[in-house]
Amino acid sequence: MGIAMTHTGIITDIKKFATHDGPGIRTTVFIKGCPLRCRWCSNPETIAPHVQLYFIEKRCTGCGRCSQICPAGAIDMNNPARIDRTRCTLCMKCVEQCIEDALMPVGREVTVSAVFEEIVKDIPFYGTNGGLTLSGGEPLFRPDFSLALLRQCRELGISTVLDTCGFASPSVIEEALECVDLILLDIKHMDPVMHRLGTGTDNTLILKNAVKMSRKVPMRISVPLIPGYNNGAENLDRTAQLALSLGINHIDLNPLHCLGEDKYRYLGLQSPFKKHYELSRDEITRASELFQDRDLEVTIGRMM
């Protein structure tokens, strides 16, 4: 136990009193790092497995303290984006000088022990259904950290939920199944070619793991509903068939939203949302009815 508790991971946030990440009131830990590169990702700060730097331009007063302290000369006050990301070494000395919080680190390294202490604080609020949810990014991207945290919760009788894209080695999946009470599995697309087009990898491993997971742990399928990509009737019907074949009776539809657009700018990245549009109420209803017609329960936005 002592060794496991010293494992470290990079997280972006610990969300208290979460109600959309599994049953009851939960503590959701967002782990940084993801093997997929979804073109519509609304949380770009969770993709890279290392600490990054935000520049929030609306907070900047142009005082220049950051440029004076930067040892790499990566900050130019005449550049609206301020940071030359090719030169920045992420030393974070600029953050220490920024009194307006225009420069902020994204992600922090933590031990299993430190996160577990936060989870234990919330036990009085969990009741009979609440507990820990591991999310991301992809929580199994850092298996040593995530598995150690799940085991600690299991030993203390805390409910555990794994919110995953399913892209992990079968051996890691097997270990996770020993200490998880519920799996929330993202299914992006049923066609392997389209899956690679949208995420950077095909879905062969994900679908194999879906079978493995469904045999041992209760599971719900989450579908990020992306217009023009996976919201066609044929793909949704194949997704429904997958759910039924796995004995799953609940689909969570998560329609695309563009709320993460500012995060791309803060990271010095180009937003993907100019190529996407948000679905209309009628389009979401049609997708929901398709699953309901196949005797599947449907939730919009994952309300437990």
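Read on for a plain summary of the structure. (Residues numbered from 1 in each chain as written. Predicted model: local features only at pLDDT ≥ 70, side-chain atom pairs only at ≥ 80, totals over all residues. Heavy atoms only, no water.)

1. Here we look at the overall build of the protein chain
Reasoning step 1: Secondary structure assignment for the protein chain yields twelve helices and eleven strands.
Reasoning step 2: Seen through its C-alpha atoms, the protein chain measures out along the principal axes to roughly 60 × 50 × 30 Å.
Reasoning step 3: Taking all 304 residues of the protein chain together, 50% fall into the buried category.
Reasoning step 4: Pairs at least 24 residues apart make up 72% of the contacts formed inside the protein chain by residues separated by at least 6 positions.
Reasoning step 5: When the accessible surface of the protein chain is split by element, carbon and sulfur atoms take 52% of a total near 14,400 Å².
Reasoning step 6: Separation of charge centres in the protein chain, based on 34 positive and 36 negative side chains, amounts to 4 Å. (Helix = DSSP H or I, 4+ residues; strand = E, 2+ residues; numbered from the N terminus. Buried < 20%, exposed > 50% of the residue type's maximum accessible area, 1.4 Å probe, protein only. Contact = heavy atoms within 4.5 Å. Areas by Shrake-Rupley, 256 points an atom, 1.4 Å probe, with all protein chains shown as cover. Lys, Arg positive; Asp, Glu negative; His and termini not counted. Charge placed at Lys NZ, Arg CZ, Asp CG, Glu CD.)

2. Here's the deal with the packing of helix α7 (residues 170-177) against helix α9 (residues 204-214)
Think of two packed helices as two axes; the pair is described by the angle between the axes and how far apart they sit.
Reasoning step 1: In the contact formed by α7 and α9, the axes pass within 11 Å of each other and the chain directions differ by 30 degrees. Compared by their axis directions, α7 and α9 come out roughly parallel. Between α7 and α9 the crossing geometry is right-handed. For the pair α7 and α9, the contacting residues are Pro170, Ile173, Glu174 and Leu177 in the first and Leu205, Asn209, Lys212 and Met213 in the second.
Reasoning step 2: Its residues assigned to classes, the contact of α7 with α9 comprises five nonpolar, one polar and two charged. (Axes fitted to C-alpha atoms, helices over the stretch in contact; angles between N-to-C directions. Parallel < 35°, antiparallel > 145°, perpendicular 65-115°, else oblique. Left-handed = near helix turned anticlockwise from the far one by under 90°. Nonpolar A, V, L, I, M, F, W, Y, C, P; charged D, E, K, R; others polar.)

3. Concerning a nonpolar patch on the surface
Reasoning step 1: Side chains of Phe17, Ile25 and Phe125 sit close together on the surface and give an oily, nonpolar patch of about 270 Å² of accessible area.
Reasoning step 2: Checked against the element boundaries, Ile25 lands in the loop between β1 (8-18) and β2 (26-31).
Reasoning step 3: On the basis of relative accessibility, which here comes to 32%, the residue Ile25 falls in the partly exposed class. (Patch = residues over 30% accessible without salt bridge, like charges linked within 9 Å, V, L, I, M, F, W, Y side chains within 5 Å. Salt bridge = Lys/Arg side-chain N within 4 Å of Asp/Glu carboxyl O.)

4. Overview of the packing of aromatic side chains
Reasoning step 1: A full pass over the atoms with the stated rule returns four aromatic pairs.
Reasoning step 2: When the ring of Tyr264 is compared with that of Phe273, the centres are 5.9 Å apart and the planes differ by 85 degrees; the resulting orientation is edge-to-face.
Reasoning step 3: By relative accessible area, which is 8% here, Tyr264 ends up buried.
Reasoning step 4: On the basis of relative accessible area, Phe273 is assigned to the buried category, the value being 4%. (Phe/Tyr/Trp six-rings, centres within 6.5 Å; stacked < 30°, edge-to-face > 60°.)

5. Remarks on the packing of helix α4 (residues 112-121) against helix α6 (residues 143-155)
Reasoning step 1: With their axes 10 Å apart at the nearest point, α4 and α6 run at an angle of 40 degrees to one another. Accordingly, the angle class assigned to the pair α4 and α6 is oblique. The two elements α4 and α6 meet at a crossing, and its hand is right-handed. In this structure, α4 uses Val112, Val115, Phe116 and Ile119 to contact α6, whose residues at the interface are Phe145, Ala148, Leu149, Gln152 and Cys153.

6. Things to note about the environment of Gly107
Reasoning step 1: Mapped onto the elements, Gly107 comes out in the loop between β4 (103-106) and β5 (108-111).
Reasoning step 2: Exposure remark for Gly107: the relative accessible area of 17% places this residue in the buried category.
Reasoning step 3: Setting aside its immediate chain neighbours within four residues, Gly107 contacts Ile10, Ile11, Thr12, Lys32 and Val51.

7. Some thoughts on the sheet that holds strand β11 (residues 297-300)
Reasoning step 1: Strands sit in the order β5-β1-β2-β6-β7-β8-β9-β10-β11 across an open sheet of nine strands; the sheet is mixed. Strands with a single pairing partner mark the edges of an open sheet, and in this sheet they are β5 and β11. The sheet shows a mean angle of 30 degrees between the axes of neighbouring strands, direction not considered.
Reasoning step 2: In the sheet, strand β6 (residues 131-136) pairs with strand β7 (residues 159-164) via four bridges, with the strands oriented parallel. Directly across from Leu132, in β7, lies its bridge partner Thr160.
Reasoning step 3: Strands in contact with α6 are β1, β2, β5, β6 and β7; relative to β6, the strand with the most contacts, it is inclined by about 170 degrees. (Pairing = 2+ DSSP bridges.)

8. Structural notes on the pattern of salt bridges
Pairing between side chains of opposite charge can happen when their charged atoms approach one another.
Reasoning step 1: For the coordinates displayed, the defined rule picks out 14 salt bridges.
Reasoning step 2: When the shortest N-O distance is used, the salt bridge between Lys263 and Glu45 registers 3.1 Å. In this pair, Lys263 sits in helix α11 (residues 261-266) while Glu45 sits in the loop between β2 and β3 (52-55), placing the two residues 218 residues apart along the sequence.
Reasoning step 3: One salt bridge in this structure joins Lys212 and Glu174, with 3.2 Å as the shortest N-O distance. Residue Lys212 is found in helix α9, and its partner Glu174 is found in helix α7; the two are separated by 38 residues along the sequence.
Reasoning step 4: According to the relative accessible area criterion, Glu174 is partly exposed, its value standing at 32%.
Reasoning step 5: By sharing partners, the salt bridges in this structure join Lys16, Glu118, Lys121 and Asp122 into a single network.

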